[in-house]
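# Architecture at a glance
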2 protein chains.
Amino acid sequence: MEGDPALRLRVFDLNCWAIRYLSKRRQERIRLIGDRLCQEGFDLVLLQEVWSEQDYSDLKAKLAGCCPFSHYFRSGVIGSGLCVFSKFPILDTLLYQYSLNGSPYMFQHGDWFCGKSVGLVVIKISGIVFNIYVTHLHAEYCREKDAYLPHRVVQAWELVQFIRHTAKAADVVLLGGDLNMHPEDVGIRLLRCWTGLRDAFTEAKHFEGCEDGCTLIPNNRFTIKSELQPFPLGIRIDYILYKAVSSFTVKCEELKTTTGTAPGMDIPYSDHEAVMATLHVQRKGQAADVTLGTAVPALVDVLSEARMEVRVGLLAARRQRYSSGRMAVLALLLLLLQAVAVLGMLTGLAAGQPFPKLSFSLLAFLALGVLLLAAGLHLFHTIEVKMLQGTEEQMQMALRVLQERP
Amino acid sequence: MEGDPALRLRVFDLNCWAIRYLSKRRQERIRLIGDRLCQEGFDLVLLQEVWSEQDYSDLKAKLAGCCPFSHYFRSGVIGSGLCVFSKFPILDTLLYQYSLNGSPYMFQHGDWFCGKSVGLVVIKISGIVFNIYVTHLHAEYCREKDAYLPHRVVQAWELVQFIRHTAKAADVVLLGGDLNMHPEDVGIRLLRCWTGLRDAFTEAKHFEGCEDGCTLIPNNRFTIKSELQPFPLGIRIDYILYKAVSSFTVKCEELKTTTGTAPGMDIPYSDHEAVMATLHVQRKGQAADVTLGTAVPALVDVLSEARMEVRVGLLAARRQRYSSGRMAVLALLLLLLQAVAVLGMLTGLAAGQPFPKLSFSLLAFLALGVLLLAAGLHLFHTIEVKMLQGTEEQMQMALRVLQERP
């Protein structure tokens, strides 16, 4: 009923930058994060980059009083790094691993090994069903020449589709995470347009924190200053997004971010700033379908733009698949040539001439190594082509359905 | 309304066994399948093991008249092999790739390379929303010592969860595919209990086809007779399952299977038999929630049994992760030992003694090869452990929620 008291939900979201052996002062920061969460008593805590299960267990033990329910999403070699703590019982969970997530040979970037995913937890508060999503998309290592843009757009599309298909029976949808996209980037526009999710920063009645809501700021001692040079205020890549899907309204009363250092300490909680939202959920008089919050022409535009990025990625992936295939064939030819030479020697064709055994076997091993590596790359780029092509077709179908709508 | 005329839906499901270069008389059989589908005019066609995109395109061209709408699900290195043809427009699609699917080093089994998945297509007929799922689970190569059972149980659980979370707004849910499970296996009981899906074979008013509805029969010239020896009638592993989730009822009027050879030909359509169902969908007087069709104690039982299988798999995966890790460490030690020997030679400690260059480099390459292989295996089993552990935790949470239910 319209007169029902509003439900107040306090949400905390943070990319914790807790990579074992690599992140500076990790354990100290995890302790600080736990302390802050205990003090403030949030209803929902959405964390990313908690790669170490020990850190998760430590947080779980610390938050046992204020957020007794939690879930850690396992995936990939290292783990998805995603976890959720909740004041209310978690009724169900589901993990969707993105089909594309960087390259296994880019060790220095490491995204591929994390099995980047979106995690869903379902909770019910006062009879209201909440679908809570937490995610972390592929990082952007170089904005000018972003080789991972097609992968990130595929991830954004899969995130959109996963939310659309799984949130149909939810009353309130909430997404928190490090999307690695600036607010005007195509992936985030796609996400907002297609799911109808609203950005807590732009909707908040009251805001307090870093200018423009930035979550990677030069003022944080752990951020890499050179990467932020083109953006003197910093960038906003961590979000809390929400919508009500049935007879409810959600409003963001207040949004806050941390501002570089933990209160009373010399270090920040992470290299990212935390985003903290206070949402008010209220029952409406009548139900309304708000699945698509945007007019059809705008949807067509953003989807066409995203599809173009996927196509660019598809062309590049096809080129790489071809190059690696050619390399594998060349290595195989070299090996065959060597086999012929050995056969020639064995049949006595080169009798009397000295045979350079050592350099010959070194060359053979080199050829074998190149063959295996190129074949592995070829396999990887074949998968990449398949997934980009599949996404492109799905987008094409979505465009067709949109355009045929009366 | 109760008086509304029933909607009649004819569904065809077949594992086509169309592996390029490997499956016998593939192209001829694909032509035969296309001909049969054209003649019979099914409303929905769910196919598996269509690995070649050319075969899909050929079928698409042939079915352009009777099933003008189609979708091919791309995934993995080879593809998921899944596709859907429909008489009615496909409004939306989603692919969920199973997190575990055999081992990359079991080349002879090949499942890992297929990226086994479940595909969802959404269609609307006379205002009724249908969520159609098509899937293919990991094969069972040896029933007595089924090393892949834990992976198949994880897949069955992910299938359950995917259907439960995505079908909440559908009026009718339909699943077709090769589940690689006998009707009484734990995975299929889990699927039926947790989703409330009904088995068209047991529900059909009229049945015509192989005895017990078997879909792998000794009478089919392409089946491997030795594998079917313990089952003289054959086995049933291909299914059509359905349920109505809101104010609708679905009934299976008729179920048929093919029986070994295509009519008038000397070969069958595939090594599997096709399953063909005629479903009647009717609007009911009032809505009813049929999400869980089974009593709580039965759900707890089947889930506990499935969880036990996952645990057995987890123990095995942990052992294999340990063995491969130990092997990698040993290879690394050998390499270090060799490096020390080389250093000793270079510093003149063994001056005057002949150094066996060739066998030394061969040994180094061997150690390097073992190191890379063992490290790769260790990575794979780490992922396996993570996913089995994740599934076990999800099942544990589901059990807790079930038991806390009033």
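Read on for an overview of the structure. (Residues numbered from 1 in each chain as written. Chains lettered and ligands numbered in written order. Predicted model: local features only at pLDDT ≥ 70, side-chain atom pairs only at ≥ 80, totals over all residues. Heavy atoms only, no water.)

## With respect to the relation of the copies chain A and chain B
- Overlay of chain A on chain B (RMSD 0.0 Å): rotation 180°, translation along the axis 0.0 Å. Expressed as a symmetry operation, the mapping of one chain copy onto the other fits a two-fold axis. Proximity to the rotation axis, assessed at the C-alpha, singles out Thr 166 of chain A in chain A; its C-alpha lies 2.3 Å from the axis. (Least-squares fit on C-alpha atoms with pLDDT ≥ 70 in both.)

## Regarding the environment of Gly 41 of chain B
Residues and elements named next belong to chain B.
- Residue placement: Gly 41 occurs in the loop between helix 1 (26-40) and strand 2 (44-50).
- Given a relative accessible area of 19%, Gly 41 falls into the buried group.
- Placed 165 residues apart in sequence, Gly 41 and His 206 show a C-alpha to C-alpha distance of 20 Å.
- Once residues lying within four places of it in the same chain are set aside, the contact partners of Gly 41 are Arg 10 and Lys 87. (Helix = DSSP H or I, 4+ residues; strand = E, 2+ residues; numbered from the N terminus. Buried < 20%, exposed > 50% of the residue type's maximum accessible area, 1.4 Å probe, protein only. Contact = heavy atoms within 4.5 Å.)

## Details of the side chain of Asp 55 of chain A
All names here are of chain A.
- The residue Asp 55 is located in helix 2 (residues 53-62) in this model.
- Residue classification places Asp 55 among the buried positions, given a relative accessible area of 1%.
- If we ignore the near neighbours within four places in the chain, the residues touching Asp 55 are Ala 18, Arg 26, Gln 27, Ile 30 and Val 50.

## Notes on the sheet that holds strand 9 (residues 198-199) of chain A
All names here are of chain A.
- The mixed open sheet is built from six strands, whose spatial order is 5-6-7-8-11-9. What marks the edges here is a single partner per strand, and that holds for strand 5 (90-97) and strand 9.
- Bridge analysis of strand 6 (residues 117-125) against strand 7 (residues 128-136) gives eight bridges, and the strand direction is antiparallel. The residue bridging Ile 123 from the neighbouring strand is Phe 130, located in strand 7.
- Lying over the sheet, helix 3 (residues 149-166) contacts strand 5, strand 6, strand 7 and strand 8 (172-178), oriented at roughly 165° with respect to strand 7. (Pairing = 2+ DSSP bridges. Axes fitted to C-alpha atoms, helices over the stretch in contact; angles between N-to-C directions.)

## With respect to the pattern of salt bridges
Residue and element names in this part refer to chain A.
- Scanning the entire structure with this criterion turns up 36 salt bridges over all chains.
- Measuring nitrogen to oxygen at the nearest pair gives 2.4 Å for the salt bridge that ties Arg 74 to Glu 53. Of this pair, Arg 74 sits in the loop between strand 3 (69-72) and strand 4 (83-86) while Glu 53 is found in helix 2, placing the two residues 21 residues apart along the sequence.
- We classify Arg 74 as buried; its relative accessible area is 8%.
- Of the residues examined, Glu 53 reaches a relative accessible area of 29% and is grouped as partly exposed.
- Note that Arg 400 is salt-bridged to Glu 404, the shortest N-O span being 3.3 Å. Taken together, the residues span about one helical turn, with Arg 400 and Glu 404 both in helix 8 (residues 357-404) at a distance of four residues.
- Under the relative-accessibility criterion, Arg 400 is labelled partly exposed at 26%.
- Taking relative accessible area as the criterion, Glu 404 reaches 55% and is therefore assigned exposed.
- Each of Arg 25, Glu 28, Arg 221 and Asp 266 takes part in a single network of salt bridges with overlapping partners. (Salt bridge = Lys/Arg side-chain N within 4 Å of Asp/Glu carboxyl O.)

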